[in-house]
Amino acid sequence: MPGSFLLVACPECDNEQTLFSKAASTVGCAVCGQRLAAPTGGKAELFGEVIETVEHR
Ligand SMILES: [Zn+2]
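Since the model is a prediction, treat every value here as computed from it, not as a measurement.

Student: Is there a simple way to think about the packing of aromatic side chains in this case?
Tutor: Describing an aromatic ring pair means giving the distance of the ring centres and the angle of the ring planes. By the definition in use, this model includes one aromatic pair. On the basis of an interplanar angle of 50 degrees and a centroid distance of 5.2 Å, the ring pair of Phe5 and Phe20 is categorised as tilted. Here the residue Phe5 occupies a position in strand β1 (residues 4–9), and Phe20 occupies one in strand β2 (residues 16–20), the gap between them amounting to 15 residues.

Here it is as structure tokens:
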């Protein structure tokens, strides 16, 4: 299971950003720096709303 990519909306500025569902490091918003995902050892913990899931091809 390679994981998938998620389109997540930043809760602070509504920027939409694609990130990996199993992010190995903290992912911040490219616009405002708000934390969007944090690693948990498996599936990343998300702090924004998932708009779309894009299966890895
Ligand atoms: Zn933001």
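Student: What is the right way to read the sheet that holds strand β5 (residues 45–46) from this model?
Tutor: In sheet architecture, strand pairing relies on hydrogen bonds along the backbone and comes in two forms, parallel and antiparallel. The three strands are arranged β3-β4-β5 in an open sheet whose pairing can be described as antiparallel. Strand pairing shows two members of the sheet lacking a second neighbour, β3 (27–28) and β5, which therefore form its edges. Of the strand pairs in this sheet, strand β4 (residues 35–38) and β5 are connected by two bridges, and their pairing is antiparallel. Bridged to Ala38 within β5 is Glu45.

Reading guide: rules and limits
Residues numbered from 1 in each chain as written. Predicted model: local features only at pLDDT ≥ 70, side-chain atom pairs only at ≥ 80, totals over all residues. Heavy atoms only, no water. Phe/Tyr/Trp six-rings, centres within 6.5 Å; stacked < 30°, edge-to-face > 60°. Helix = DSSP H or I, 4+ residues; strand = E, 2+ residues; numbered from the N terminus. Pairing = 2+ DSSP bridges.

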